[in-house]
Amino acid sequence: MSLEVAVLHDFGGFRLDAAFAAPGGITALFGPSGSGKTTVINAVAGLLAPDAGRIVLDGAVLLDTTAGVRVPASRRRVGYVFQEGRLFPHLSVRQNLLFGRRFAREPAAPAEIDRVVCLLGLGPLLARRPAGLSGGEKQRVAIGRALLAGPRLLLMDEPLAALDGARKEEILPYIERLRDEVRVPILYVSHAIPEVARLADTVVALAEGRVVRSGPATAVLSDPAILPAAEEDEAGVILSARLAAQHPAEGLSELALGAARLTVPRIAAPEGARLRVRIRARDVMIALVRPEAISALNVLPATFEGVLGGDGAQVEVALVLGPGERLLARITRRSLAALALVPGKPCFALIKTVAVGHQDLGVFEERDG
Amino acid sequence: MTWLSPAEWTAVLLSLKVATWATAASLPLGVLVALALARGRFWGRELLNGLVHLPLILPPVVTGYLLLLSFGRRGPVGALLEQVGIVFAFRWTGAALACAVMAFPLMVRAIRLAIEAVDPRLEEAAGTLGAGRVWTFLLVTLPLILPGVVAGAILAFAKAMGEFGATITFVSNIPGETQTLPTAIYSLLQVPGGERGAFRLTLVSIAIAMAALLLSEAVGRRVARRIAGRG
């Protein structure tokens, strides 16, 4: 899959001028409210006609304002999972799911329908009407409905934003299965770092209508500069890891980050599984000597790299764990001075196991490419 | 219903026929016009809105006279239609036309309100699933506005049953051809001893009106239940 997007659109007082490419897998459009994320995917879906732009999906031109091309939404074969579900209230769940099938170029075979129903756990809901479903169930039906229309690309506009914490946890595994099993490319809009960190392969960070940074998720999300002020507390890094060992009796799992080991709350995944773990800067402490008799299970040898930024009493600093493995830590200016931290100085990073929550851990199934 | 005289019975049946045709024939146009008024952004939208509502505000006699001028045998439209064998003047078809024109604003208003209550985002969703505009209308919009369409049709039917002024002006009051319930009641009241007949027809009018009302309530409830997801 390849998607190239360039859109220019003027609202009263707001200008969207964004261009990016999405290589496949899940590409997250990340940014604060009002940064233009939804406008971008509405332009991709064909629900909004931008003032100027060009959108190409797998070689097919969906929009090219200079050439006067604008394919209608119904012919784009781009699925859309809306924030509020938008299920058809007069149709049953089954009828909702099959709505797009009659328009699909290759209508889904009965086996394919069964597979999607099974994948999203929709079996018990088929005869029901949307009005009687919970928020999480509605979103699962909306995902199934978009999939069964045979899309080349799936757009998801903050599909979890209307759900509470428990419901979010209910849906996230389904989206991971879309990514790993169905392998439909997804353009995923979100302003929530944990979601993006857990799901995305590629991140396009937007702010005030512009692309601030784009690239692999681990690199983009570890850059504190992409964070809106309100989310400063969420600053941190995303690290790729493998599940090295399970300690079921203690409810712990051990991850291998290069040479370093990280103990986290138990994850349901096989040994050797590819994982992604997010560690927030505010959860990392720095010590100059290896502390003993301490409750934090993770004491990682590191090298101080430098101060990245910060204002007032706090600063964000970078620590190197090994080749390509960095941590961010948020410490006070007073500590920075007291420890006399200068680039190259060896130190230890301390991370409490309980600071790493399930929302910070994503399991990726093996994929080619 | 042996207590109705043959002439009264004829008037009742004719009224039902006229009202049914008036409603059925104008319903598709009513949906289209309501759609244009609710969703359309075109030049002359306000003009169309005014034109549709005119019969509601004009004296019915004026509407009837305008129909006579345009759809009469010598009228521009009437003369044209006569060549293809369609005649309105002094026929029951003319009564149906007069009733349809008079009932049209009520029908359009009810349907338009229903269309405006439909969430356009549902129609957008249908578009992203591959449905073009026609399919979206047939599969999403129409089922959702069905209660409004039913209400509009029944309102129009009731109005058509009671239409008097435009009908009598346009197609006169010919027993067996254009004499509907209201004009029959009017005629009976003009002759000595006609009160009993007029009263009988009044009872029939009330019965038909009540039946239409109950039917619309029942249909509306059923459709609403289906949409709310309990049926």
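A quick note: this is a predicted structure, and the numbers were derived from the prediction, not measured.

Cut-off values and rules
- Residues numbered from 1 in each chain as written.
- Chains lettered and ligands numbered in written order.
- Predicted model: local features only at pLDDT ≥ 70, side-chain atom pairs only at ≥ 80, totals over all residues.
- Heavy atoms only, no water.
- Pairing = 2+ DSSP bridges.
- Helix = DSSP H or I, 4+ residues; strand = E, 2+ residues; numbered from the N terminus.
- Axes fitted to C-alpha atoms, helices over the stretch in contact; angles between N-to-C directions.
- Phe/Tyr/Trp six-rings, centres within 6.5 Å; stacked < 30°, edge-to-face > 60°.
- Buried < 20%, exposed > 50% of the residue type's maximum accessible area, 1.4 Å probe, protein only.
- Lys NZ or Arg CZ within 6 Å of the ring centre and 35° of its normal.
- Core = buried A, V, L, I, M, F, W, Y, C linked by side-chain atoms within 4.5 Å.
- Contact = heavy atoms within 4.5 Å.

K.L.:
Let's hear about the sheet that holds strand β19 (residues 325–332) of chain A: which residues, and what values?
P.N.:
Residue and element names in this part refer to chain A. Strand order in this open sheet of 5 strands is β16-β20-β17-β18-β19, and the pairing throughout is antiparallel. The open sheet is flanked by β16 (284–287) and β19, the only strands paired with a single partner. The mean inter-strand angle of the sheet, taken between neighbouring strand axes irrespective of direction, is 45°. Two elements, β16 and strand β20 (residues 346–351), share 4 bridges in a ladder whose sense is antiparallel. Bridging from a neighbouring strand, V284 pairs with I351 of β20.

K.L.:
So what about the packing of aromatic side chains? Which residues, and what values?
P.N.:
Inspection of every chain in the model, using the stated rule, returns 8 aromatic pairs over all chains. A ring pair is formed by F164(B) and Y186(B), whose centres lie 5.4 Å apart and whose planes are at 65°; its orientation type is edge-to-face. Placement of the pair is F164(B) in the loop between α7 (133–162) and α8 (165–171) and Y186(B) in helix α9 (residues 181–190), with a sequence separation of 22 residues. A residue is classified by how much of its surface remains accessible, and F164(B), at 29% relative accessible area, is partly exposed. An aromatic cluster of at least three residues, connected via ring pairs, comprises F88(A), F99(A), F103(A) and W135(B). The ring centre of F99(A) lies 5.6 Å from the NZ or CZ of R102(A), which sits over that ring.

K.L.:
Describe the nonpolar core, naming the residues involved and giving the relevant values.
P.N.:
Residues and elements named next belong to chain A. By size, the foremost hydrophobic cluster in this structure holds 57 residues, and its most contacted members are L29, V40, I55, F88, F99 and L155. Ignoring sequence-local partners within four residues, the contact set of L155 consists of I41, V44, A45, V78, G79, Y80, V81 and L187. L97, L120, A205 and I226 belong to the second largest nonpolar core, which has 49 residues in total.

By themselves, these observations are geometric and do not establish any function.
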